[in-house]
Amino acid sequence: MPLIALRQLLDAAADGGYGVGAFNVNNMEQIQAIMEAARETQSPVIVQASRGARSYTNDRFLFHLMAAAAELYPEIPVVLHQDHGNSPETCISAIELGFTSVMMDGSLLEDGKTPADFEHNVRVTREVVEHAHARGVSVEGELGTLGGIEDGVGSGEVHLTDPDQAVEFVERTGIDALAVAIGTSHGAYKFSRPPDGEVLSMNLIEEIHSKLPDTHLVMHGSSSVPKDLVDAINEYGGAMQPTWGVPIEEIQQGIRHGVRKINVDTDLRLAMTGAIRKVFAEEPDEFDPRSYLKPARAAMQRVVAERMVQFGQAGHAPELEAKPLEEMQALYA
Ligand SMILES: [Zn+2]
């Protein structure tokens, strides 16, 4: 697996008019599910780890699991991305660990909860960009705040991204990709009714893209929360409330207007949990962890492969030749 810089992959996605899913990992089965889906669909892929994932795996397990993926899937270009870095220190430690991309989320203070002011955001993001670009590593920033809380990240308040401020933010920080707040939320409970143009500001994406045609836009909280995945959990003893996610068509509309990275985590969690619950319900005498982790892994692989096709990244792995980070470094210099 050649590790590829986020910037190179998203530049190619912009040329090809497609989007790339960014899928969260915490353990071996999730990494395997994503890599198998990538192989099955011949997709380049973004694998991302939150701070929570890095502490869960103690970094070293994550690093060696990714090294194993590198060995086993040499034909798949992979971006290893830090999701929601809360401080320059978090991003710098990810770069030292070998990540090819980091998100500095300066929309929140270091506690990951309190909304930060614009100047704080510019300052910490700029600091990360200088450090990262000098090493060929890409940077995603965020302006505006998303709803919901996931992995302890989020203020629970929604502040939509202001397009003019976005222009100033990109100019002053030099980021490669910008996470925009358009009304999506982290977690499973995004909307209490099917979202339409009033809850999701798709026109905001179009406006930001028209002002920043060369900045790759990122949609966070973009699980679709399919009813069948929620139903599967509830059918086998779960108690999830009715909920709606971001429709695939809205994401595809975003992709037509500059969205290149789409973060999906909740759908993968739902798929695994439903599959595990099914085994527990149907085979209560079963106690070999493989008996439920295998179907869980397969269920996650199905969702990832489906998203890869829907976002358009399927089939694009063979045409990408990962540039060494030194080459990316020279491009920034
Ligand atoms: Zn996010």
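Data block above holds the structure.
Residues numbered from 1 in each chain as written. Predicted model: local features only at pLDDT ≥ 70, side-chain atom pairs only at ≥ 80, totals over all residues. Heavy atoms only, no water.

## Description of the pairing of strand β4 (residues 101-104)
Step number 1: Side chains S101 and M103 project from β4 onto one buried face, and the interleaved V102 and M104 project onto a second face that is buried too.
Step number 2: Bridge analysis of strand β3 (residues 78-85) against β4 gives 3 bridges, and the strand direction is parallel. Its bridge partner being in β4, Q82 is matched across the sheet by V102.
Step number 3: Of the crossover connections in this fold, the one passing from β3 over helix α5 (residues 88-97) to the parallel β4 is right-handed. (Buried < 20%, exposed > 50% of the residue type's maximum accessible area, 1.4 Å probe, protein only. Helix = DSSP H or I, 4+ residues; strand = E, 2+ residues; numbered from the N terminus. Pairing = 2+ DSSP bridges. Right-handed = clockwise from strand over helix to strand, strands pointing away.)

## A word on the side chain of D176
Step number 1: Tracing the chain through its elements places D176 in the loop between α7 (163-173) and β6 (177-180).
Step number 2: A polar contact of 2.8 Å, which involves the side chain of D176, links it to the side chain of Y332.
Step number 3: Leaving out residues up to four positions away in the same chain, D176 has contacts with R7, H133, S138, V139, T215, H216 and Y332. (Polar contact = N/O pair within 3.5 Å; in protein donor to acceptor, adjacent residues only side chain to side chain. Contact = heavy atoms within 4.5 Å.)

## Focus: the coordination of the zinc ion
Ideal donor angles around a metal are set by the shape: a four-donor tetrahedron calls for 109.5 degrees, a six-donor octahedron for 90 or 180 degrees.
Step number 1: Every protein donor of the zinc ion is listed here as H84 (NE2), H186 (NE2) and H220 (ND1), and their distances to the metal cover 2.0 to 2.1 Å.
Step number 2: Within one chain, the residues donating to the zinc ion are spaced in sequence as H-x101-H-x33-H. With a gap of 136 residues between them, H84 in strand β3 and H220 in the loop between β7 (216-219) and α9 (227-235) connect regions that are remote in the sequence.
Step number 3: What makes H84 buried here is its relative accessible area of 8%. (Donors = N, O, S within 2.8 Å, 3.2 Å for Na, K, Ca; no water.)

## A few points about a negative patch on the surface
Step number 1: Where like charges cluster on the molecular surface, the negative patch consists of E89, E110, D111 and E127.
Step number 2: The residue E89 is located in helix α5 in this model. (Patch = residues over 30% accessible without salt bridge, like charges linked within 9 Å, V, L, I, M, F, W, Y side chains within 5 Å. Areas by Shrake-Rupley, 256 points an atom, 1.4 Å probe, with all protein chains shown as cover. Salt bridge = Lys/Arg side-chain N within 4 Å of Asp/Glu carboxyl O. Lys, Arg positive; Asp, Glu negative; His and termini not counted. Charge placed at Lys NZ, Arg CZ, Asp CG, Glu CD.)

## Describing the pairing of strand β5 (residues 138-143)
Step number 1: The buried fraction of β5 amounts to 6 of the 6 residues, a majority that puts the element mostly inside the structure.
Step number 2: Residue alternation in β5 divides its side chains into two sets, S138, E140 and E142 and V139, G141 and L143, and both sets are buried.
Step number 3: Looking at chain direction, β4 and β5 are connected through 4 bridges and run parallel. Considered in β5, the bridge of V102 is made with V139.
Step number 4: What joins β4 to β5 is helix α6 (residues 118-133), and the crossover it makes is right-handed.

## Brief notes about the packing of helix α2 (residues 28-41) against helix α12 (residues 289-311)
Step number 1: At a minimum axis distance of 8 Å, the contact between α2 and α12 shows a crossing angle of 45°. Between α2 and α12, the crossing angle belongs to the class labelled oblique. α2 and α12 meet at a crossing whose hand is right-handed. For the pair formed by α2 and α12, the contact residues are E29, Q30, Q32, A33, I34, E36, A37, A38, E40 and T41 on the first element and L293, R297, M300, Q301, V304, A305, M308 and V309 on the second. (Axes fitted to C-alpha atoms, helices over the stretch in contact; angles between N-to-C directions. Parallel < 35°, antiparallel > 145°, perpendicular 65-115°, else oblique. Left-handed = near helix turned anticlockwise from the far one by under 90°.)

## Observations regarding unusual backbone geometry
Step number 1: You will see that Q42, though not glycine, has its phi angle at about 55°, which is positive.
Step number 2: Structurally, the position occupied by Q42 is in the loop between α2 and β2 (45-49).
Step number 3: Taking the relative accessible area as the measure of exposure, Q42 reaches 29% and is therefore partly exposed.
Step number 4: A positive phi is found at H84, a non-glycine position, where the angle reads about 45°.

## A word on the environment of I182
Step number 1: Take I182: it is sitting in the loop between β6 and α8 (202-211).
Step number 2: For the pair formed by I182 and R123, sequence separation is 59 residues and the distance between their alpha carbons is 23 Å.
Step number 3: In contact with I182, other than residues within four places in its own chain, are L160, V199, L200, S201, M202, L204, I205 and M219.

## What about the pattern of salt bridges?
Step number 1: Counted under the stated rule, the structure contains 15 salt bridges.
Step number 2: Here E119 and R172 are joined by a salt bridge, their closest N and O atoms 2.8 Å apart. With E119 in helix α6 and R172 in helix α7, the pair connects residues that are 53 residues apart, well separated along the chain.
Step number 3: Through salt bridges with shared partners, a single ionic network connects R7, D11 and D176.

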